[in-house]
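# Summary of the model geometry
Below are the chains, spelled out letter by letter.
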Amino acid sequence: MSSESSSQSLARPTEEVTVSVNGEDVTTTVEPRLKLSDFLRDECGKRGVRVGCEHGVCGACTVLVDGRSVKSCLTYAVQVDGSDVVTVEGLASDGDLHPIQDAFHREHALQCGFCTSGFVMATKELLERDPDPDREAIEDGLADNICRCTGYQNIYDAVETAAAELADAERTDGGVSGGADELLHAPSDDLEDRTDGTDGSGGDA
Amino acid sequence: MSEAGVSKDVGVEDDAESEGQSFVGSGLERVEDHRILTGEAEYIHDIAPEGAVHMALARSVHPHAELVDVDTSAAEDHPDCLLTLTADDLKDDYEPMPCGLEGFEEWSLADDRVRFVGEPVVAVVASDRYAAEDLVDLVEIEYEQLDPVTDVQEATEGDTLVHEHAGTNVPDSETLEFGAVDDAFENADNVVETDCEWGRISGVPLETAGVVAQYDTDHDSFHIDSNIQLHTLVDDTVYEPLDYPPEKVNLEVPPDVGGSFGTKIAIHRYCTLSAIASQQLDGTPVKFVEDRVENLQGGDMHCSDREYTVRLAFDDDGTIQGLDTYFADDFGAFPHYPVNQVLKPLSAVTNAYDIDAVRYGYDLVLTNKTAQTAYRGFGVDPHLYALETAVDEAARELGIDPTDFRRVNLIQPDQMPYRLPTHNIYDSGDYPAALDRIEELVDEAEVCEGGLLDPDVVEAKREEGKYRGVSYSVHIEPGVSGSDWTDRQRTETDALEEREREDVDELPEHFRIQLEGDGTVRAFLATDTSGQGHQTLVSQLLADSLGVLPSDIEVDYLPSVEAPTEYGSAASRMAVMLSGATEGAAEKLRENCRQLAAEEVFGCGVEDVAYRDGAVERVDGSERVPLAELADLDAGRNQRLTRVSYDYDHPATKIDDFDEALTSKYPVYPTAAFAANAPIVEVDVTTGEVEILKFYTLRDCGTMLNPTIVEGQAHGGIAQGVGAALMEEFQYDGEGQPKAITLFDYLLPSTKNMPDIEMEHTETPSPFTETGAKGTGEGGMLDAPASVASAITAALEDFDVVADQIPMTPHRVRRRVRDAQADD
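Reading the values: the criteria
One numbering rule holds for all chains: residues counted from 1, following each sequence as written. Whichever chain is written first is A, and whichever ligand is written first is 1; the rest continue in order. In keeping with the model being predicted, local features are shown solely for residues with a pLDDT of at least 70 and side-chain atom pairs are shown and tallied solely at 80 or more, while totals for entire chains, interfaces and linings include all residues. By definition, two strands form a pair when at least two bridges between them are found by DSSP. Numbered from the N terminus, helices here are DSSP runs of H or I no shorter than four residues, and strands are runs of E no shorter than two. Under this scheme, a helix contributes an axis fitted over its contacting stretch, all axes are lines through C-alpha atoms, and angles between N-to-C directions fall in the 0 to 180 degree range. Think of it this way: build a C-beta for each residue from its backbone, and any pair within 7 Å is a contact. To define a nonpolar core, we join buried Ala, Val, Leu, Ile, Met, Phe, Trp, Tyr and Cys residues through C-beta atoms within 7 Å and take the resulting set. Exposure classes come from backbone-placed C-beta atoms, where a residue is buried if 20 or more other C-beta atoms lie within 10 Å of its own, exposed if 12 or fewer do, and partly exposed in between. Domain delimitation follows an automatic or database domain assignment. Note that Gly is not counted as nonpolar here; it falls among the polar residues with everything else outside the nonpolar set of Ala, Val, Leu, Ile, Met, Phe, Trp, Tyr, Cys and Pro and the charged set of Asp, Glu, Lys and Arg. UniProt positions are given in the numbering used here, feature names are shortened, and annotations may be inferred rather than shown by experiment. Oblique is the label for any angle not covered by the other classes, which are roughly parallel (under 35 degrees), roughly antiparallel (over 145) and roughly perpendicular (65 to 115). Throughout, a crossing is termed right-handed when the near helix is turned clockwise from the far one, and left-handed when it is turned anticlockwise from it by less than a right angle.

### Observations regarding the sheet that holds strand E24 (residues 615–618) of chain B
Residues and elements named next belong to chain B.
- Strand order across the open sheet formed by 3 strands is E23-E24-E25, with antiparallel pairing between neighbours. A strand with exactly one partner marks an edge of an open sheet, and here the two such strands are strand E23 (609–612) and strand E25 (624–626). Averaged over neighbouring strand pairs, the angle between their axes works out to 25° when direction is ignored.
- In this sheet, E25 lies alongside E24 in antiparallel orientation, the contact comprising 3 bridges. Opposite Glu617, over in E25, you have Arg624 as the bridge partner.
- Strands in contact with helix H16 (residues 574–602) are E23, E24 and E25; relative to E23, the strand with the most contacts, it is inclined by about 130°.

### Focus on the nonpolar core
Residues and elements named next belong to chain B.
- Residues Met55, Ala123, Val124, Val125, Leu542, Val788 and Ile792 are the most contacted members of the largest nonpolar core, which totals 316 residues.
- Per element, the largest residue contribution to this core is 12 residues, and it comes from H16.
- When neighbours within four sequence positions are excluded, Ala123 is seen to be in contact with Met55, Leu57, Leu85, Leu109, Leu273 and Ala277.

### Examining the domain arrangement of chain A
All names here are of chain A.
- By the assigned domains, chain A splits into domain 1 (15–90) and domain 2 (99–193).
- Counting residues at the interface gives 18 residues for domain 1, matched by 14 residues for domain 2.
- Contributing elements (two or more residues each) for the side of domain 1 that touches domain 2: strand E3 (62–65) and strand E4 (68–71).
- With 3 residues, E3 is the single largest residue contributor to the side of domain 1 that touches domain 2.
- Broken down by class, the residue content of the side of domain 1 that touches domain 2 amounts to 9 nonpolar, 7 polar and 2 charged.

### A look at the interface of chain A and chain B
- The partner chain B presents 58 residues to the 58 residues of chain A that form the contact.
- Listing elements by their share of the side of chain A that touches chain B, those giving two or more residues are helix H2 (99–106), helix H3 (116–129) and helix H5 (153–172) of chain A.
- Grouping the amino acids of the side of chain A that touches chain B by side-chain chemistry returns 22 nonpolar, 24 polar and 12 charged.

### Quick notes on the environment of Arg812 of chain B
- Relative to the assigned elements, Arg812 of chain B resides in helix H21 (residues 810–823).
- Sequence separation between Arg812 of chain B and Asp112 of chain B is 700 residues, and the spatial gap between their C-alpha atoms is 40 Å.

### Structural notes on the UniProt feature "domain: Aldehyde oxidase/xanthine dehydrogenase a/b hammerhead" (unreviewed entry) in chain B
- Here the UniProt feature "domain: Aldehyde oxidase/xanthine dehydrogenase a/b hammerhead" (unreviewed entry) sits at residues 38–147 of chain B.
- Each end of residues 38–147 of chain B is marked by a C-alpha atom, and these two atoms are 52 Å apart; helix forms 17% of the span and strand 31%.

### A word on the domain arrangement of chain B
Residues and elements named next belong to chain B.
- Domain annotation of chain B identifies domain 1 (12–30 + 508–649), domain 2 (45–146 + 209–289) and domain 3 (378–481 + 667–823).
- Going through the elements one at a time, helix H15 (534–546) and H16 are the ones with two or more residues in the side of domain 1 that touches domain 3.
- Residue contributions to the side of domain 1 that touches domain 3 peak at 6 residues, all from H16.
- In the side of domain 1 that touches domain 3, the residues fall into 8 nonpolar, 9 polar and 2 charged.

### A few points about the packing of helix H11 (residues 380–398) of chain B against helix H12 (residues 402–409) of chain B
All names here are of chain B.
- Two elements in contact, H11 and H12, have axes separated by 9 Å at closest approach and are oriented at 110°. When the interaxial angle is binned, H11 and H12 end up roughly perpendicular. For the element pair H11 and H12, the recorded crossing hand is right-handed. Of the residues in H12, those touching H11 at Val391, Asp392, Ala394, Ala395 and Leu398 are Pro402, Phe405 and Arg406.
- Its residues placed into classes, the contact of H11 with H12 shows 6 nonpolar, no polar and 2 charged.

Spelled out as structure tokens, the structure:
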């Protein structure tokens, strides 16, 4: 049931929730049965959350809740009351793609793109847990996400490229510990300093 | 090796600008990506007009039943209910949906009888989807169950009819003969007969079908946003049931569609119902997005489900003299368009082999399952699988190496262009060289110490019950369908002999470009897209043709009312059709720009004006006018010179050798991309599990317009082929209930199933196309299933087991090995 749920009839029970979505607090009243995926898309305008199966297999709706990846179609909005939620919209800063997004672009790790938000978020969690994953760790880390277009090869390449970029950015940044927030909002200056000289402006070209 | 020939040219635009190099042929990064990666892309589920309401569908829980009573009163009594619709509500003002064969027209909601689990019976509309689904729960449907027809055997031998009025469950069949088939089978030294089965599969894109429809009360017309595929070809499937003329029903497809692979061609039911609901609600926009369970069980989107019998006639030296192939295809409850996928294999009927005598027969069979639609490969994938299975059996019969057997029969390069007995033509390629190369690659890398096929390792693994095998084979990908062969099954075939070449409906590719005041070149495709990167491709092609940068080009799509009826983005067409269409349109624009500058700026003759490097100038180079300025100059003119449209004729219609296929309505696919594959598999004979250790492939799709995109298409196609070979299947139980209605049951390849792909490319340009490109949207899905199955057969040679049913699930492998051991 991937769709808007704005109007509520009187007969339907509601609860108030306050959720931090990409750093901004959202307080609203929702039906207890409202899925987090629909909450983010319809109540918060975060339509980069894609809904592919609504039974927790495809992973297109993957978002981070308090730093952990969750399938937002299997989570109710009321369950994340008081939590920090990050969607794919929370990654790019000032128009610059996050290194993970940029790596997906450069490695042609997306075609139709419907799975991409989920893969990017799953990759983010993976690289925070394991900044230098080998191929097997990548396969394990992304095993809960389905892509129907790419055959995964270029996604593996993108994860490796992103890992190298993030490690590079961390070094350039003078040994910052690489916590979630630093990685999440990699300063745009860092992107310009990348050793390969690309500008990171991605698909605007 | 996987990087060979595929450069992901970061910063290619800067290089090209400075050096004047071509963008075509570069791995230009995709222009589509940024909006997708940032979450800004607009898919159908993002389209939400103010005040939109939501539809949900009550669907049949039985495969075959009379509808005794459909009671919507409880739903209507619910305070959230805005509308309910049943078949009876449709009959006064609307029409049934057209079907692939005449006589099977159906109402978009089941009328009197349901014929598959998941068939929509009632539509309900509420303010939001949650409420709409509440209403579905309140709909009461009383059924009287009928015997279901659940397989081909029951359909052809039993008494139950899926459609009583038709008098048969086999509404379409044909047997075609080309060459002296009986002679070949009588005279050949050997004949083998192989039975094999191809499981019911589909594309299962990550995005399901969706629609937002709005009726315009002022103009008595409809605007329908939908992720339907081929919206400028199949718009009749929407306007006909609405009983409106085409110009009153505007279909528009979002620039971002979450995959289709053919499966969204036949989603007109949803478009129709949403539009009717909006009309009944006085123009309130109505939205419907299929959920995954609906999609899998009743989404009209299953594909080929075939039982094959293939006979091969061949001599003792291995030469194949004749091919005789028959299949029954379980089409489900309705023979929806595209029924013609039973015919497409004729375009590559002998695969890469030189065989003169071919018999090709099929039965299109109806059962109580959801209907078929198109899926990447369009019916050729099972054909290649069946043919290659028979080839393996023939080699085994002769006791010779299957690679040698294949090599003996390959079409030779000096036979190109090669005319198939079925009248399609392969354009170019050196198949023996491709086979030699893939064998050499595997030999060097794997049949050696430390390699996957190191004889010592292979032997040691056998001791553990793990059998490794590899199969080398060459496969054809027929590309760029065109013309009107697609309606052969609705044609009186006897009359085709009289048909003249001029009677052929050629369906050219329509394309438009216009200059904007800011210097942007806006391009319009007359079709839709679903992830293939057409915006990037058009940017590359036009940048070269117009001497501008890809970033100067914006690519958009025409809605159905503004576009002519054309074939569109299917059948591996767009690389070739856009190559011609962009060049034709660009040439027209360049001429017009010269005329405009001559008349409005220079006051000279056209012959004194040249178009150079994205601007017009006097031939002596003394004055120069940029494109942006021309757009402004043109703005006031009656006849706009900076807006051009162009219709690119399908390549086959310009080559006389295709005339026979065109007039006889045989499939016409004028490009033959090809692949030589060598998957290395390991079969655990204890568990039945098959692991593909590595997938070697050498691919050739002519000139690569964008090597990065070509590689991506191959990767993705191979992944789908691996799914088809090992995992994916829409099974039904004996009562007609679908067993795969979630993604827990219909298994898609994940990171845990996909092997490493070692890919190499060669480029043999097509002599038939503008750029030398060949169609390559389907390749891996066409050839990987046959290749993987053949490798399994090779691995299990000692057991004399043949991979004669796919997907080769562990259960099926185990059963075959067990049976083989019992026989010994």
